[in-house]
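Here are the chains, one letter per residue:
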Amino acid sequence: MLFRSRTAKKVIEYAKKRKDERGIEFPILAICQGFELLGIYANNDSKDVLKDVECVAKQRKTEWQKPLDEVRATWRLFRDFDQDIIEKMAEEPSVIHFHKWGFPLTDYLESKGFTEFFNLISINTLDNGVQFPTAFEAQRYPIYCVLYHPERSEEHTSELQSHSDLVCRLLL
């Protein structure tokens, strides 16, 4: 993880520098392990922020942190989504998780590293009741993070509930 952490840090610093010094956006989309690396970065490179939030081959409904009619206006990551997709993500188990590590919501909310750098977009809940962030975006930079796997298709998840229509629309 050390090599990836150093590389991720260089990419993040580059994106921030471009925005701060030249006003040029260099967008970053961090998925799963990238989400974890961005969380480590925001917390002064501390790997201690990672905790066991195992959620493997599980689908979840999106638990938005704003009312459904405010999602697109509030978060850049979802501004171009059709409203019916935003609503279906909340109604249907449409995000697929394949991870062991993440950040419990309580830890996220208590960390200035998280709360001063990111805006929390959505959460999910483990079977044991533990809540964890699943999407956030940087407040000042075009840096977007999701813990779930938007790139996963049904061929990888045949035992999971069919949701091909929604997933196809999310990826288009």
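These remarks concern the structure in this document. (Residues numbered from 1 in each chain as written. Predicted model: local features only at pLDDT ≥ 70, side-chain atom pairs only at ≥ 80, totals over all residues. Heavy atoms only, no water.)

Re the side chain of His-97
Tracing the backbone shows His-97 in strand β4 (residues 95-102). Looking at His-97, its side chain comes within polar contact range of the side chain of His-99, at 3.0 Å. Setting aside residues up to four positions removed in sequence, His-97 forms contacts with Cys-55, Val-56, Ala-57, Lys-58, Arg-60, Asn-124, Phe-132, Thr-134, Leu-147 and Tyr-148. (Helix = DSSP H or I, 4+ residues; strand = E, 2+ residues; numbered from the N terminus. Polar contact = N/O pair within 3.5 Å; in protein donor to acceptor, adjacent residues only side chain to side chain. Contact = heavy atoms within 4.5 Å.)

Considering the packing of aromatic side chains
For the structure shown, the criterion picks out 14 aromatic pairs. Centroid distance Phe-35 to Phe-136: 4.5 Å. Interplanar angle 35°. Geometry classified as tilted. Taken together, the positions of Phe-35 in helix α2 (residues 33-42) and Phe-136 in strand β6 (residues 131-138) put the pair 101 residues apart, joining distant regions of the chain. A single burial state applies to Phe-35 and to Phe-136, both of which are buried. (Phe/Tyr/Trp six-rings, centres within 6.5 Å; stacked < 30°, edge-to-face > 60°. Buried < 20%, exposed > 50% of the residue type's maximum accessible area, 1.4 Å probe, protein only.)

Some words on the nonpolar core
Residues Leu-38, Phe-103, Phe-117, Phe-118, Phe-136, Ile-143 and Cys-145 are the most contacted members of the largest nonpolar core, which totals 31 residues. The leading source of residues in this core is α2, at six residues. Excluding its chain neighbours within four sequence positions, the residues that come into contact with Cys-145 are Ala-30, Phe-35, Leu-38, Phe-118, Thr-134, Ala-135 and Phe-136. Formed by 13 residues, the second largest nonpolar core is a distinct cluster that contains Phe-81, Met-89, Val-95 and Val-146. (Core = buried A, V, L, I, M, F, W, Y, C linked by side-chain atoms within 4.5 Å.)

Overview of a nonpolar patch on the surface
Nonpolar side chains collect at one region of the surface, where Val-11, Tyr-14 and Phe-26 lie side by side and expose about 250 Å² of accessible area between them. If you trace the backbone, Tyr-14 turns up in helix α1 (residues 2-22). (Patch = residues over 30% accessible without salt bridge, like charges linked within 9 Å, V, L, I, M, F, W, Y side chains within 5 Å. Areas by Shrake-Rupley, 256 points an atom, 1.4 Å probe, with all protein chains shown as cover. Salt bridge = Lys/Arg side-chain N within 4 Å of Asp/Glu carboxyl O.)

Considerations on the pattern of salt bridges
Enumeration over the complete set of coordinates arrives at eight salt bridges. Between Arg-60 and Asp-127 there is a salt bridge, and its shortest N-O distance comes to 2.9 Å. Placement of Arg-60 in strand β2 (residues 51-60) and of Asp-127 in the loop between β5 (118-125) and β6 is noted, with a sequence separation of 67 residues between them. A single network of salt bridges, built from pairs that share partners, joins Asp-52, Glu-54 and Lys-100.

Side note on the environment of Ile-86
Relative to the helices and strands, Ile-86 is located in helix α4 (residues 83-91). Since its relative accessible area comes to 0%, Ile-86 is described here as buried. C-alpha separation for the pair Ile-86 and Asp-69, spaced 17 residues apart in sequence, amounts to 8.7 Å.

Side note on the sheet that holds strand β7 (residues 143-146)
With mixed pairing, five strands are arranged side by side in an open sheet as β1-β7-β6-β5-β3. Edge strands, defined here as strands with exactly one partner in the open sheet, are β1 (28-31) and β3 (63-64). As paired strands, β1 and β7 are joined by four bridges and run parallel to one another. The residue bridging Ala-30 from the neighbouring strand is Cys-145, located in β7. Across the sheet, α2 is in contact with β1, β5, β6 and β7; its angle to β1 comes to roughly 110°. (Pairing = 2+ DSSP bridges. Axes fitted to C-alpha atoms, helices over the stretch in contact; angles between N-to-C directions.)

Considerations on the pairing of β7
Alternating residues of β7 divide into Ile-143 and Cys-145 and Tyr-144 and Val-146, and every residue in both groups is buried. In this structure, β6 lies alongside β7, joined through three bridges in antiparallel fashion. Bridged to Phe-136 within β7 is Cys-145.

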